[in-house]
Amino acid sequence: MASSTVRPEDRNQERRAEQDVARRLLDSAAKLSYDPATEVDWNTPLDTDHHGASPEWSTLYGTAYWRELTDAQRKALTRQEAASVASTGIWFEMILQQMVLRDMYAEDPTDPRFQWALTEVADECRHSIMFARGAAKLGAPAYRPRRAVVELGRAFKTLAFGEAAYAAILVAEEVLDVMQRDWMRDERVAPFVRTINNIHVVEESRHMKFARDETRRRLRNAGPVRRHINSLVVAIASYYIVTSMVNRDVYANAGLDGERARAEAGTNEHHKSLMRSSCSGLMEFLASARLLTKPALFFYKRASLI
């Protein structure tokens, strides 16, 4: 097997390099982390003159229905959509935490990689609470993926391991990162939402670094069969994550015609194009890791990620 040809000194050198990366991530977390309980303005009442997300990211932006909406309706819609994205983020962050903890179970606690993994879990706990409070302040209900998707997520968090787990983590984090970088700079977006996005972007940049490195490391000696299987697992997980971001009920909760809104959102080429362009870097990474097989491409195309 390929792994048997790796010399012990090479393995030790690789391990030291991985530990160095983990130490740098720990140092970064010690210097640049936030407490959402004190950093976010939770006390000022919601100003409905603001959007919840950059309007260009709305699933209806550019459609005939969008042009008919009043400014107040557009703002109400983006607030519901932002809350839905936050709720989906909570759902996947809970999956992420369980996968990372399972991966580190019984590992050496003195290893910087172990300590970084627990730091990441702690970050995700704070993020989930922050997203939950943010969604509540936006006046949204508890948005959840469809029951079938929830159960698929339950199976995924239990069975996924190695590169499948870390690559799926990366996809979810990258997609959120791109849209939130736009939202946090947009003065049309409610100030407290911009703060939430800024915190998440800064802290998730470390998580994405770790996920990329772990994906590469786990794939180092993977054969073609393993790569093909895991490329498909990651693509299917990505499809359900991305298509669950905006709940079908956001339109009715914003006071719109839900049936018409869902129909126009489903054929909105502007939104699909935005998703594809924003995920170009992610797709380049997956291609470099040889995780863009033909079966996987089918699901990425269906999710408008490529």
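Everything here concerns the structure above.
Residues numbered from 1 in each chain as written. Predicted model: local features only at pLDDT ≥ 70, side-chain atom pairs only at ≥ 80, totals over all residues. Heavy atoms only, no water.

Chemist: I'd like a rundown of the nonpolar core, residues and numbers included.
Modeler: Note that soluble globular proteins tend to have their nonpolar side chains buried in a common cluster. Ranked by internal contacts, the top residues of the largest apolar core, which has 90 residues, are Leu 60, Leu 77, Val 175 and Leu 305. Sort the elements by how many residues they give to this core and helix H4 (residues 71-104) lands first, with 14 residues. The residues contacting Leu 60, other than those within four sequence positions of it, are Tyr 65, Trp 66, Leu 77, Glu 81, Tyr 251, Leu 256, Ala 261, Glu 264, Ala 265 and Asn 268. (Core = buried A, V, L, I, M, F, W, Y, C linked by side-chain atoms within 4.5 Å. Buried < 20%, exposed > 50% of the residue type's maximum accessible area, 1.4 Å probe, protein only. Helix = DSSP H or I, 4+ residues; strand = E, 2+ residues; numbered from the N terminus. Contact = heavy atoms within 4.5 Å.)

Chemist: A description of the environment of Arg 218 should follow, citing residues and the corresponding values.
Modeler: Turning to its location among the elements, Arg 218 is positioned in helix H8 (residues 191-218). You can call Arg 218 buried: its relative accessible area is 16%. On a C-alpha basis, the gap between Arg 218 and Gly 162 in space is 5.8 Å, while along the polypeptide they are 56 residues apart. Setting aside chain neighbours within four positions, we find Arg 218 in contact with Asp 103, Arg 113, Gly 162, Glu 163, Tyr 166 and Arg 226.

Chemist: How would you explain the pattern of salt bridges if you had to name every residue and give the values?
Modeler: Once the charged atoms of two side chains with opposite charge are near each other, the side chains can pair. Here the structure, examined in full by the defined rule, presents 24 salt bridges. A salt bridge links Arg 113 to Glu 214, with the nearest nitrogen and oxygen atoms 3.1 Å apart. In this pair, Arg 113 sits in helix H5 (residues 112-137) while Glu 214 sits in helix H8, placing the two residues 101 residues apart along the sequence. Arg 113 sits in the buried class, given a relative accessible area of 7%. Using a relative accessible area of 3% as the deciding quantity, one classes Glu 214 as buried. (Salt bridge = Lys/Arg side-chain N within 4 Å of Asp/Glu carboxyl O.)

Chemist: Just give me the short version of the environment of Ser 84, but keep the residues and values in it.
Modeler: With respect to the helices, strands and loops of the structure, Ser 84 is situated in helix H4. Judged by relative accessible area, which is 1%, Ser 84 ranks as buried. On a C-alpha basis, the gap between Ser 84 and Leu 101 in space is 26 Å, while along the polypeptide they are 17 residues apart. If we ignore the near neighbours within four places in the chain, the residues touching Ser 84 are Tyr 143, Met 245, Val 246, Asn 247 and Val 250. There is a polar contact of 2.7 Å between the side chain of Ser 84 and the backbone oxygen of Met 245. (Polar contact = N/O pair within 3.5 Å; in protein donor to acceptor, adjacent residues only side chain to side chain.)

In short, the description is geometric, and any link to function would need to be established separately.
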